[in-house]
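These are the residues of each chain, in order.
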Amino acid sequence: MPKNESLKSILIIGSGPIIIGQACEFDYSGTQALRSLREDGIETILINSNPATIMTDPTMADHVYLLPLTTKSIIKVLKEHPQIDAVLPTMGGQTALNLCIEADEKGIWEDFDVKLIGVDIEAINITEDREQFRELMGKIGVGMAPQATANSYLKGKEIAQEFGFPLVIRASYTLGGAGASFVYKEEDFDELLTRGLEASPIHEVMIDKALIGWKEYELELLRDKNDNVVIICTIENMDPMGIHTGDSITIAPAMTLSDKTFQRMRDMAIHMMRSIGDFAGGCNVQFAVSPDEEEEIIAIEINPRVSRSSALASKATGYPIAKVAAKLAIGYTLDELSNQITGSTSALFEPTLDYVVVKIPRWNFDKFEGSDRQLGLQMKAVGEVMAIGRSFQEALHKATQSLEIKRNGLGADGKGYKDYQQIIDKLTYASWDRVFAIYDAIQMGIPLSRIHEITKIDMWFLKQYEELHELEKEISTYTIDTIDRELLLEAKQKGYGDRQIAHMLKCLESQVYNKRDEFKINRVYKLVDTCAAEFKAQTPYYYSTFENEVETADGQKFAANESVVSDKKKIIVLGSGPNRIGQGIEFDYCCVHGVLASSECGYETIMINCNPETVSTDFDIADKLYFEPVFWEHIYDIIRHEKPEGVIVQLGGQTALKLAEKLDRYGIKIIGTTYQSLDLAEDRGSFSTLLKENNIPYPEFDTASTADEALAVADRLDFPILVRPSYVLGGQGMKIVINKKELEEHVVDLLRKIPNNKLLLDHYLDGAIEAEADAICDGENVYIIGIMEHIEPCGIHSGDSNATLPPFNLGEFVMQQIKDHTHKIALALNTVGLINIQFAIKDDKVYIIEANPRASRTVPFIAKAYGEPYVNYATKVMLGHNKVTDFDFKPHLEGYAIKQPVFSFNKFPNVNKKLGPEMKSTGESILFIDSLKDDEFYNLYSRRRMYLSK
């Protein structure tokens, strides 16, 4: 039992819909905390409005409330559960903390006799109010940059005059650096000061003297009620001060910090944590270090909660920070808890890493036309990848291969920048692809001293880049026949992919793979063990690397492989990689359920994914976790090593689906719907032919693969025309065009970005109603799990539409057509598993827009609304373990559920906010209403026309 026996029932506040600056890392933390509290027999009550996450699954908490995160909802929950003893607000990011403060100010916690655990209000206030924080740091002797607070425009101008430029403006009580900016020149100050004051809920900003070029570090700490403190992880930002840590490339452990400075930093962090309040839980501290011999340390900020970095630190070290923080919040001490990775050491044992972890953010600027792409103090990334290697170079390469931006790693793929000025600009104005531009600069011969002068990136990192470039130059002098084992092994140890080596040797990727086989240069798998192999680890959590063979006394040669293959039947689930617009946390929800259902069917489950923010990469979800890029070469090696019965690709979004063709070509069984059926649905032209054969209506269409063909098609179809590329996600590249000039421009632009693509040109059904259906099919029987009607008209991407379940004004005749078409299409595509079909309805006739025989964005929403584990059922159907008819479906929903998209436009002030066929929302919330007379529904419906942009 917990050490504080009085805690029997705890409320956890989630983080709500995903927005830039607060993503699934908090769902991961919240999920861990819920599981941790339930282990101790504590009743858990969760409030969170996000239907896409595993956190709000009915299995995760005793009571789940899918309600808006407001004090009104908090009161409702507390009234329904008078037994609640305490609230844990540190797992839901800034949203949960802000809500907690608001509830405290309104006296809600006091009224219901609920106490705060894991943090105290005083600590939140001190760390959020930059003036109070600065005073406290002064008192305890921790240095900070010269700074002052302004809560008016006039005061801000006075401070700027005193400090001089460059300056940093930071808004109080905001998230993901909202409202923060660098001011280099006096003429930009007025606008940026106003923006900061407006972004802060209390209209207050802190103005700092900018520490341009200083190095940035983060420490993750845990403290218990007895004041034991452990430092879980030291994270170094490759990018110097001036770029939000969420947009920085970060490395664990710190690479360029001297031991003496590290010890000083540790002491300062512990001193800071102890000074801000007497609480037990997690904490994140950020520091700047001067890039000279002095290594002066200055505090930037401290967050008394689990942070974005704690998800990364948990995955990097294997130390479950949120799980332990939840235990500390209910009164345990660190020395009483065991380290779950080793099973034999205590949680007071600090992790030691014998590998390197690199995190690279992933951006979606293509969705925000006209956005400022320069990185700065406001976070702009929508997701991130993490990679583990035996060296910085290997981890950096693996991380770039994980990003899914059509790059094979750093350099050696023919896609680098060749223009001197363009490279200099990308380095000067920190660009999202600066990680690649550094390599291109070295390749062009720009000296390291010049690159360092521009970027202020530590010389150690730049030298690592230079070594990679030297290696590429050396390999390029060989051919596939003349390269020797030693050089090929070195390239693999430094993370180069087979595709990159093939590019250097001017041969095929398969030839490099075969050469590696011949030389016995094979991947070996190592455990993430938190203790540099000093103790035996119990958890099957692996990363790959390449090792020199060791010769034993009896002459045997081998490289140690820590991943032992069992003789059980195995299933591999391919994850969805980094979050992005169009493919977010909902696919992680599906993957987790796929793993759990496969396990229930008696399979050993293996998860492959590289996203540190999510629950699928938690070390105890699957029987084995490979933290690897969802990249062909890595996957194929794992498959050869594990020899599974098959691979599940339908649950990991487009990422996993894109690998289906290769799996099929290499004779690897795809579980559920076959590659041929998946391909048929993705290929716009073939799919329309299938509809024609089955007498199913669809908008008039034709296909084109050149601009000339597109213009010829336009003569036959009426404008407006909807242009759609094949094999894309989130409506990428889709656009409604209204004349030939727009059509030509868009087609030329599309084919430049996605060469050799087959484009589908539809006559756009103006003013049609859009609906969609999700179903489970076993090849013979079809069960429709939900039909949703969009409030916005057809032409706005389904991910950006408000959608109601069940539909609110489709007649019986239309509903019957939807059901008939869904049955027909699911069977015609030989679907085994999930399928999502989108419809346009005009004059009571139902047309098909598209079908996706895979898990869709809406499946978690429908599962939550109806309270049914649909992904579990679908996985069992895919495995052939059950037929659809085996399940007793009992959906339950009173009234309506509305899926509401959430946008992050505030990060891009000058961007075009119009909605169209290309998805722009970053997350979603669920709203339950009793009837269509509800004010919220009325507001949504009355604004539906406003959105449509051609």
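Quantities reported herein were computed from a predicted structural model and do not represent experimental measurements.

1. So, the pattern of salt bridges
Moving on, step 1. Scanning the entire structure with this criterion turns up 54 salt bridges.
Moving on, step 2. Residues Glu-628 and Lys-398 are paired through a salt bridge, measuring 2.8 Å at the closest nitrogen-oxygen approach. With Glu-628 in the loop between β23 (624-627) and α21 (632-642) and Lys-398 in helix α12 (residues 392-402), the pair connects residues that are 230 residues apart, well separated along the chain.
Moving on, step 3. Classification of Glu-628 as buried rests on a relative accessible area of 0%.
Moving on, step 4. The exposure class assigned to Lys-398 is buried, which follows from its relative accessible area of 2%.
Moving on, step 5. One network of salt bridges, in which partners are shared, links Lys-492, Asp-498, Arg-516, Arg-523, Glu-633 and Asp-637.

2. A closer look at unusual backbone geometry
Moving on, step 1. Look at the link from Ala-252 to Pro-253: it is a cis peptide, with omega at -10 degrees.
Moving on, step 2. Inspection of the secondary structure puts Pro-253 in the loop between β12 (250-252) and α9 (259-275).
Moving on, step 3. The omega torsion of the bond from Leu-805 to Pro-806 falls at -10 degrees, within 30 degrees of zero and hence cis.
Moving on, step 4. Summarising the element assignment, Pro-806 is placed in the loop between β31 (803-805) and α28 (812-828).
Moving on, step 5. Its identity as a non-glycine residue notwithstanding, Asn-756 has a phi of 60 degrees, on the positive side.

3. Let's talk about the packing of aromatic side chains
Moving on, step 1. Across all of its chains, the model carries 26 aromatic pairs by this definition.
Moving on, step 2. Ring plane angle 90 degrees and centroid distance 6.1 Å describe the contact between Phe-368 and Phe-905, whose orientation is recorded as edge-to-face. Placement of the pair is Phe-368 in the loop between β15 (356-362) and β16 (383-389) and Phe-905 in the loop between β34 (896-902) and β35 (923-929), with a sequence separation of 537 residues. Phe-905 shares its class with Phe-368; the two are buried.
Moving on, step 3. Between Phe-368 and Phe-908, the aromatic rings sit 4.3 Å apart at their centres with planes inclined by 25 degrees, giving stacked as the arrangement. Residue Phe-368 is found in the loop between β15 and β16, and its partner Phe-908 is found in the loop between β34 and β35; the two are separated by 540 residues along the sequence.

4. Here's the deal with helix α18 (residues 498-505)
Moving on, step 1. Buried residues dominate α18, accounting for six of its eight residues.
Moving on, step 2. Of the residues making up α18, those classed as buried are Asp-498, Gln-500, Ile-501, Ala-502, Met-504 and Leu-505.
Moving on, step 3. Turning to α18, the residues buried within the fold contact α12, α16 (459-475), α17 (485-493), α19 (509-518) and α21.
Moving on, step 4. Of the residues one or two after α18, Lys-506 is the one with positive phi, at around 55 degrees.

5. A word on the packing of helix α20 (residues 585-600) against helix α29 (residues 859-866)
Moving on, step 1. Close contact between α20 and α29 brings their axes to 9 Å; oriented N to C, the two are set at 70 degrees. Accordingly, the angle class assigned to the pair α20 and α29 is roughly perpendicular. Judged by residue contacts, Glu-586, Tyr-589 and Cys-590 of α20 engage Pro-860, Ala-863 and Lys-864 from α29.
Moving on, step 2. Of the residues contributing to the contact of α20 with α29, the split by class is four nonpolar, no polar and two charged.

6. Here's the deal with the nonpolar core
Moving on, step 1. Core analysis: the biggest nonpolar cluster contains 173 residues, and Ile-10, Leu-88, Val-358, Leu-574 and Val-649 have the highest contact counts within it.
Moving on, step 2. Look past the residues within four positions of Val-649 in its chain and what remains in contact with it is Leu-574, Ala-656, Leu-657, Ala-660, Leu-663, Ile-670 and Leu-678.
Moving on, step 3. Among the nonpolar cores identified, the runner-up in size contains 54 residues, and Leu-99, Cys-100, Ile-276 and Ile-302 belong to it.

7. Some remarks on empty space enclosed by the protein
Moving on, step 1. This structure, assessed with the given rule, holds 16 cavities of 30 Å³ or more.
Moving on, step 2. Space inside the largest cavity adds up to approximately 520 Å³.
Moving on, step 3. Around the largest cavity sit 34 residues that line it, and Arg-130, Gly-177, His-244, Gln-286 and Glu-301 are the ones nearest its centre.
Moving on, step 4. Broken down by secondary-structure element, the contributors of at least two residues to the lining of the largest cavity are α5 (121-128), β7 (167-171), β10 (215-223), β13 (281-289), β14 (297-303) and α10 (308-317).
Moving on, step 5. In terms of residue class, the lining of the largest cavity is built from eleven nonpolar, 15 polar and eight charged.

8. Notes on the layout of surface pockets
Leftover empty space is mapped by rolling, across the atoms, a probe with the size of a water molecule.
Moving on, step 1. Quantified by volume, the second largest pocket comes out at close to 920 Å³.
Moving on, step 2. In this structure, the second largest pocket is lined by 36 residues; those nearest its centre are Phe-182, Tyr-184, Gln-374, Leu-375 and Gly-376.
Moving on, step 3. When contributions to the lining of the second largest pocket are tallied by element, the ones reaching two or more residues are β8 (181-183), α8 (186-199), α13 (420-428) and α15 (448-455).
Moving on, step 4. Ranked by the residues each element gives to the lining of the second largest pocket, the list is headed by α8, at four residues.
Moving on, step 5. Looking at side-chain class alone, the lining of the second largest pocket contains 16 nonpolar, eleven polar and nine charged residues.

9. So, the sheet that holds β7
Moving on, step 1. Taking strand neighbours across the sheet as the criterion, the four strands line up as β6-β9-β7-β8 in an open arrangement whose pairing is antiparallel. Here the strands that pair on one side only, and so sit at the sheet edges, are β6 (147-150) and β8. For this sheet the average axis-to-axis angle between neighbouring strands, irrespective of direction, equals 25 degrees.
Moving on, step 2. Direction of pairing for β7 relative to strand β9 (residues 205-209): antiparallel, over a ladder of five bridges. Paired with Leu-167 across the two strands is Lys-209, which belongs to β9.

10. A word on the side chain of Arg-305
Moving on, step 1. Within the fold, Arg-305 resides in the loop between β14 and α10.
Moving on, step 2. Among buried Asp, Glu, Lys and Arg side chains, Arg-305 stands out as unpaired, with Glu-128 the closest opposite charge at 5.5 Å.
Moving on, step 3. A distance of 3.2 Å separates a polar atom in the side chain of Arg-305 from a polar atom in the side chain of Gln-94.
Moving on, step 4. Leave out the neighbours within four places in its chain, and Arg-305 touches Phe-26, Thr-90, Gly-93, Gln-94, Leu-97, Gly-282, Cys-283 and Asn-284.

11. A look at helix α26 (residues 707-716)
Moving on, step 1. Residues of α26 that are buried: Ala-707, Ala-710, Leu-711, Val-713 and Ala-714. Mapping the buried residues of α26 onto a view down its axis gives an arc of 160 degrees, with all of them on the same face. Within α26, the exposed residues directed more than 90 degrees away from the buried face are Asp-708, Asp-715 and Arg-716.

12. Concerning the environment of Glu-509
Moving on, step 1. Summarising the element assignment, Glu-509 is placed in helix α19.
Moving on, step 2. In sequence terms Glu-509 and Glu-547 are 38 residues apart; their C-alpha atoms lie 21 Å from each other.
Moving on, step 3. Those residues in contact with Glu-509 that sit more than four places away from it in its chain are Asp-498, Arg-499, Ala-502, Trp-632 and Lys-662.

13. Considerations on the pairing of β15
Moving on, step 1. Most of β15 sits out of view: seven of its seven residues are buried.
Moving on, step 2. The two faces of β15 match: Val-356, Val-358, Ile-360 and Arg-362 on one face and Val-357, Lys-359 and Pro-361 on the other face are all buried.
Moving on, step 3. With three bridges joining them, β12 and β15 adopt antiparallel strand pairing. Paired with Ile-251 across the strands is Val-358, a residue of β15.
Moving on, step 4. When β15 meets β16, the two strands line up antiparallel, connected through seven bridges. Bridging from a neighbouring strand, Val-356 pairs with Gly-389 of β16.

14. With respect to the environment of Arg-752
Moving on, step 1. Topologically, Arg-752 is positioned in helix α27 (residues 740-753).
Moving on, step 2. On the accessibility criterion, Arg-752 (61% relative accessible area) is exposed.
Moving on, step 3. Only 2.6 Å separates the side chain of Arg-752 from the side chain of Asp-749, close enough to count as a polar contact.

15. Some details on the sheet that holds strand β22 (residues 604-609)
Moving on, step 1. Spatial ordering of the open sheet is given by β17-β18-β23-β22-β21-β24, a layout of six strands whose pairing is mixed. Looking at strand neighbours, the two that pair on one side only are β17 (524-527) and β24 (646-648), the edges of this open sheet. With strand direction ignored, the average angle separating the axes of adjacent strands in the sheet is 30 degrees.
Moving on, step 2. Sheet strands touched by α20: β21 (570-574), β22 and β24. Its angle to β22, the strand with the most contacts, is close to 160 degrees.

Cut-offs used in this document
Residues numbered from 1 in each chain as written. Predicted model: local features only at pLDDT ≥ 70, side-chain atom pairs only at ≥ 80, totals over all residues. Heavy atoms only, no water. Salt bridge = Lys/Arg side-chain N within 4 Å of Asp/Glu carboxyl O. Helix = DSSP H or I, 4+ residues; strand = E, 2+ residues; numbered from the N terminus. Buried < 20%, exposed > 50% of the residue type's maximum accessible area, 1.4 Å probe, protein only. Phe/Tyr/Trp six-rings, centres within 6.5 Å; stacked < 30°, edge-to-face > 60°. Contact = heavy atoms within 4.5 Å. Axes fitted to C-alpha atoms, helices over the stretch in contact; angles between N-to-C directions. Parallel < 35°, antiparallel > 145°, perpendicular 65-115°, else oblique. Nonpolar A, V, L, I, M, F, W, Y, C, P; charged D, E, K, R; others polar. Core = buried A, V, L, I, M, F, W, Y, C linked by side-chain atoms within 4.5 Å. 1 Å grid on protein atoms, 1.4 Å probe; cavity = no way out; pocket = protein on both sides within 12 Å on 5 of 7 lines; lining within 4 Å. Points joined across faces, edges and corners; volume = space filled by probe spheres on them. Pairing = 2+ DSSP bridges. Lys, Arg positive; Asp, Glu negative; His and termini not counted. Polar contact = N/O pair within 3.5 Å; in protein donor to acceptor, adjacent residues only side chain to side chain. Arc of directions from axis to C-beta.

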